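# Structural description and commentary
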Amino acid sequence: MDTDLWGLALLVLAGFLAGGVYAMWGVNRVLALALAGCVALAAASGILRLGYL
């Protein structure tokens, strides 16, 4: 896969995980916070892979 596609895929993954955080917040906040950490890692990886920072 091209580097740009990996970065885009990681940003899309971060979006799906953010939706999971939103859905999970009312049910289990500990799990939602763990997912939020995964969102941050996926978004940071995608941004770094695209070379914006």
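In this report, we go over the structure that sits alongside the text. What you are looking at is a predicted structure, and each value in this text was computed from that prediction instead of being measured. (Residues numbered from 1 in each chain as written. Predicted model: local features only at pLDDT ≥ 70, side-chain atom pairs only at ≥ 80, totals over all residues. Heavy atoms only, no water.)

Our focus in this paragraph is the overall build of the protein chain. Of the regular secondary structure elements, the protein chain holds two helices and zero strands. Taken across its 53 residues, the protein chain has 15% of its residues classed as buried. In the protein chain, once contacts between residues fewer than 6 apart in sequence are set aside, the share between residues at least 24 apart is 56%. (Helix = DSSP H or I, 4+ residues; strand = E, 2+ residues; numbered from the N terminus. Buried < 20%, exposed > 50% of the residue type's maximum accessible area, 1.4 Å probe, protein only. Contact = heavy atoms within 4.5 Å.)

Right, let's get into the environment of T3. Note on placement: T3 falls in helix α1 (residues 3-24). By relative accessible area, T3 is classed as partly exposed at 37%. In this structure the C-alpha to C-alpha distance between T3 and G51, which are 48 residues apart in sequence, comes to 9.5 Å.

A few words on α1. The end-to-end C-alpha distance of α1 is 31 Å, a good match for the 32 Å that 22 residues give at a rise of 1.5 Å each. Restricting attention to buried positions, one finds in α1 the residues G7, A14 and V21. Buried residues of α1 fall within an arc of 30 degrees about the axis and therefore sit on the same side. Residues of α1 that are exposed and point more than 90 degrees away from the buried face comprise F16 and A23. The secondary structure elements touched by the buried residues of α1 are α2 (29-50). (Expected span 1.5 Å × (residues − 1). Arc of directions from axis to C-beta.)

On their own, these measurements won't tell you what the molecule is for.
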